[in-house]
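# What the coordinates show
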Amino acid sequence: MPLATPELPHRDRHREAVIRVRGLEVGFGERTIMKGLDLDVYRGEILGFVGASGTGKSVLTRAILGLVPKRAGTIEVFGENVDGLSPASRRAIERRWGVLFQFGALFSALTVKENVQVPMREYLHLSDRLLDELAMLKIEMVGLNPDAADKLPSELSGGMIKRAALARALALDPEILFLDEPTSGLDPIGAGEFDDLIATLQRTLGLTVFMVTHDLDSLHTVCDRIAALGEGRIIAAGTIDTMLKSDHPWLKAYFRGKRARGVMTANEA
Ligand SMILES: Nc1ncnc2c1ncn2[C@@H]1O[C@H](COP(=O)(O)OP(=O)(O)OP(=O)(O)O)[C@@H](O)[C@H]1O
Ligand SMILES: [Mg+2]
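Residues numbered from 1 in each chain as written. Chains lettered and ligands numbered in written order. Predicted model: local features only at pLDDT ≥ 70, side-chain atom pairs only at ≥ 80, totals over all residues. Heavy atoms only, no water.

## Points about the side chain of Lys-57
With respect to the helices and strands, Lys-57 occurs in helix H2 (residues 57–64). Here Lys-57 sits buried without a salt bridge, and the closest side chain of opposite charge, Glu-181, lies 4.5 Å off (N-O distance). Within polar-contact distance, the side chain of Lys-57 engages the backbone oxygen of Gly-51 at 2.9 Å. Separated by 3.1 Å, the side chain of Lys-57 and the backbone oxygen of Ala-52 make a polar contact. Those residues in contact with Lys-57 that lie beyond four places of it in its chain are Phe-49, Val-50, Gly-51, Ala-52, Glu-181, Val-212, His-214 and Leu-229. (Helix = DSSP H or I, 4+ residues; strand = E, 2+ residues; numbered from the N terminus. Buried < 20%, exposed > 50% of the residue type's maximum accessible area, 1.4 Å probe, protein only. Lys, Arg positive; Asp, Glu negative; His and termini not counted. Salt bridge = Lys/Arg side-chain N within 4 Å of Asp/Glu carboxyl O. Polar contact = N/O pair within 3.5 Å; in protein donor to acceptor, adjacent residues only side chain to side chain. Contact = heavy atoms within 4.5 Å.)

Following this line, the structure appears as structure tokens:
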């Protein structure tokens, strides 16, 4: 067995890529947002996805979810090429992921419990009693008080809305959880608590987490690996150490710039 190279850590070659993107091109009209983009997301990892605002992090997420069309390339999820799937196979895959969109508001006219039950009603055929029990389980799982269940989104704080949206994303016991900037708008303590929650859920449920984030604390504390988007492709992927050592100007500015954590601490970690 050859020795592992730093570019391709030993474990990566043996890990199952639950998402495999190759040569992806996405654009709108005259504009190309990404081209020749390759990305693997491994089972059981928390992948932090970074990049300057407007580089296409949300577009990539939506392209993987099949919500924006691609111009070229392949996307495999759970080993299946998502192109040309029958509607039934497509639904089967969609049932295995949960999504918390960047501006993914809850349905404002529905209570938290009803919001959590939306995907359940779409995919499962269960009695109302069972749906209620399942929804309460998800609501407690994300650390919300049971009495939040009957509240409307307008009656919740920003942090509670994020948790309720997470409960909805977990409604169908997904294997992959997509989170687009889940901690934006939260104060640092709220963001830290949300990160801890994600890490705990990842461990206990064995989730794979694809998390777009600008939050350096999240990247340092909960992400197993980080991928950075720039110039329409992945400019670097690896551990936080890889990012800290990168000479790429944007990565340097982001991870070692004024707003970054102390480089000393990061190097010592
Ligand atoms: N449906 C669309 N039609 C046309 N252009 C779009 C569409 N969706 C996104 N874009 C453009 O694609 C680019 C990437 O957008 P995207 O939302 O993916 O950025 P982002 O990296 O998620 O940024 P942020 O960090 O601010 O969330 C932007 O210039 C945006 O205006
Ligand atoms: Mg975005």
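## Describing the environment of Met-160
Following the sequence through the fold, Met-160 ends up in helix H6 (residues 158–169). Met-160 gets classed as partly exposed once you look at its relative accessible area, which sits at 27%. In this structure, Met-160 is in contact with Leu-144 and Ala-148, ignoring residues within four places of it in sequence.

## Quick look at the coordination of the magnesium ion (ligand 2)
For the magnesium ion (ligand 2), the protein coordination sphere consists of Ser-58 (OG) and Gln-102 (OE1), at 2.0 to 2.2 Å. Within this pair, whereas Ser-58 is found in helix H2, its partner Gln-102 is found in the loop between strand S6 (97–100) and helix H4 (112–123), the two being separated by 44 residues in sequence. Classification of Gln-102 by relative accessible area gives partly exposed; the value is 23%. (Donors = N, O, S within 2.8 Å, 3.2 Å for Na, K, Ca; no water.)

## A closer look at the packing of aromatic side chains
This model, assessed by the stated rule, comprises five aromatic pairs. Aromatic side chains Tyr-254 and Phe-255 sit 5.1 Å apart centroid to centroid with 80° between the ring planes, which places their arrangement in the edge-to-face category. A connected cluster of aromatic rings, assembled from ring pairs, spans Phe-49, Trp-97, Phe-178 and Phe-210. A cation over a ring is seen here: Arg-96 above Phe-78, with NZ or CZ 3.8 Å from the ring centre. (Phe/Tyr/Trp six-rings, centres within 6.5 Å; stacked < 30°, edge-to-face > 60°. Lys NZ or Arg CZ within 6 Å of the ring centre and 35° of its normal.)

## Comments concerning the sheet that holds strand S5 (residues 80–81)
The strand order across the open sheet built from four strands is S2-S1-S4-S5, with neighbouring strands paired in antiparallel fashion. Two strands close off the open sheet at either side, each with one partner strand: strand S2 (31–42) and S5. Lying over the sheet, H2 contacts strand S1 (17–28), S2 and strand S4 (72–77), oriented at roughly 115° with respect to S1. (Pairing = 2+ DSSP bridges. Axes fitted to C-alpha atoms, helices over the stretch in contact; angles between N-to-C directions.)

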